[in-house]
Amino acid sequence: MANISTHVAERVGFIEITRPESLNSLSQQTLTDILEACISFDESRTVGCIVIHGSERAFSAGGDITEMAEYDTTSAYLDDIFDASGRFSRIRTPIVAAVNGVALGGGCELAMACDFIIAGDKARFGQPEINLGIIPGMGGTQRLAWAVGKSKAMEMCLTGRLMSAEEAESAGLVARVVPADELMDVATDIAKTIANKSLVASRAAKEAVNAMFEMPLQQGLRFERRLFHSLFASEDQTEGMEAFIAKRTPDFKHR
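Definitions and cut-offs
Residues numbered from 1 in each chain as written. Predicted model: local features only at pLDDT ≥ 70, side-chain atom pairs only at ≥ 80, totals over all residues. Heavy atoms only, no water. Pairing = 2+ DSSP bridges. Helix = DSSP H or I, 4+ residues; strand = E, 2+ residues; numbered from the N terminus. Axes fitted to C-alpha atoms, helices over the stretch in contact; angles between N-to-C directions. Parallel < 35°, antiparallel > 145°, perpendicular 65-115°, else oblique. Left-handed = near helix turned anticlockwise from the far one by under 90°. Contact = heavy atoms within 4.5 Å. Nonpolar A, V, L, I, M, F, W, Y, C, P; charged D, E, K, R; others polar. Buried < 20%, exposed > 50% of the residue type's maximum accessible area, 1.4 Å probe, protein only. Patch = residues over 30% accessible without salt bridge, like charges linked within 9 Å, V, L, I, M, F, W, Y side chains within 5 Å. Areas by Shrake-Rupley, 256 points an atom, 1.4 Å probe, with all protein chains shown as cover. Salt bridge = Lys/Arg side-chain N within 4 Å of Asp/Glu carboxyl O. Lys, Arg positive; Asp, Glu negative; His and termini not counted. Charge placed at Lys NZ, Arg CZ, Asp CG, Glu CD. Core = buried A, V, L, I, M, F, W, Y, C linked by side-chain atoms within 4.5 Å.

Undergrad: Just checking my understanding: could you explain the sheet that holds strand S6 (residues 102–104) for this structure?
TA: Strand pairing in a sheet takes place through backbone hydrogen bonds and is either antiparallel or parallel in direction. Judged by pairing direction, the sheet is mixed, and its four strands sit side by side in the order S4-S6-S8-S9 without closing on themselves. The open sheet has two edge strands with one neighbour each: strand S4 (58–60) and strand S9 (163–164). Note that S6 and strand S8 (residues 124–126) share three bridges and pair parallel. Across the sheet, the residue bridging to leucine 104 is glycine 126, located in S8.

Undergrad: Help me understand the packing of helix H5 (residues 106–113) against helix H6 (residues 140–148) in this model?
TA: Angle between the axes and distance between the axes are the two parameters that describe a pair of packed helices. As a packed pair, H5 and H6 sit with axes 10 Å apart at the nearest point and diverge in direction by 55 degrees. Of the possible angle classes, the one that applies to H5 and H6 is oblique. Seen from above, H5 lies across H6 with left-handed handedness. Contact with H5, carried on its side by Glu109, Met112 and Ala113, involves Gly140, Arg143 and Leu144 of H6 and no other residues of that element. Per-class residue counts for the contact of H5 with H6 are three nonpolar, one polar and two charged.

Undergrad: Explanation requested: the pairing of strand S5 (residues 95–99) in the structure shown.
TA: Each regular strand displays side chains that alternate between the two surfaces of the sheet. Among the five residues that make up S5, five are buried, leaving the element largely enclosed by the rest of the structure. Going residue by residue along S5, you find Ile95, Ala97 and Val99 tucked away on one face and Val96 and Ala98 tucked away on the opposite face as well. Across four bridges, the pairing between strand S3 (residues 49–53) and S5 is parallel. From the neighbouring strand, isoleucine 52 faces S5, where its bridge partner is alanine 97. Examined bridge by bridge, S5 and strand S7 (residues 116–120) share four bridges and lie parallel to one another. In the sheet register, alanine 98 faces S7, and the bridge partner there is isoleucine 118.

Undergrad: Is there a simple way to explain a negative patch on the surface in this structure?
TA: Together, Glu56, Asp181, Glu182, Asp185 and Asp189 line one region of the surface with negative charge. Mapped onto the elements, aspartate 189 comes out in helix H9 (residues 183–195).

Undergrad: What am I meant to see in the nonpolar core here?
TA: Soluble globular proteins tend to bury their nonpolar side chains together. Residues Ile34, Ile52, Phe125 and Leu173 are the most contacted members of the largest nonpolar core, which totals 45 residues. Element by element, the count of residues in this core is highest for helix H1 (residues 28–42), at six residues. Residues in contact with isoleucine 52, not counting those within four places in the same chain, are Ile15, Ile17, Ile34, Cys38, Phe59, Phe88, Ile95, Val96, Ala97, Ala98 and Cys114. Membership of the second largest hydrophobic core comes to 15 residues, among which are Val51, Leu183, Ala191 and Ala195.

Put into structure tokens, the structure is as follows:
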């Protein structure tokens, strides 16, 4: 059975994790397949947003433990397991995680590696690696702390406690919570909205927001301003402002 399935509809690229026998666990090949699909969408100007999702039961229950149990320190280091997850930061196209069911361990980390999360109201998030005698290895200690603060991240990583969708939204991990049976419709509508904006501007906005995590405030403000200035060289800026003045819908060409 394939690890993922993909399709494109109305400028949105969809990636579905399809390993129901293991609650969509993330083997090394699955992560590679997801990354390669993202790269393919990213290289196409006909895709303006990407949605990654699982099933109603699970976005992903985490790393493939059967596979990981075979590693020792040397093989884990030489194979650089989870390296594929680190390369998600190079994807310029906005990525939405649509989470139903559980997003645990690597599944939670994959969702956090996306640009934002839309969650079904029955979704649960957690980093339970401590129960296996290990710690998160795909950014869980870092991105979770950025999203929800030190105290909650520390508690979750040290106890393995799961966070409900409601708590995740309140804590800032999730952008929006919707009824589980409406998740894909809502995520699709949001992705279509993004995809129909100027691709030049949406990629610049993503780059600017992500820069905040790597730069002091004043440096980040200068970086934002330079990107803002650069967009005045785009056809989409001209079209967007002319459409606003004329009170019509802009027809962006993504250049």
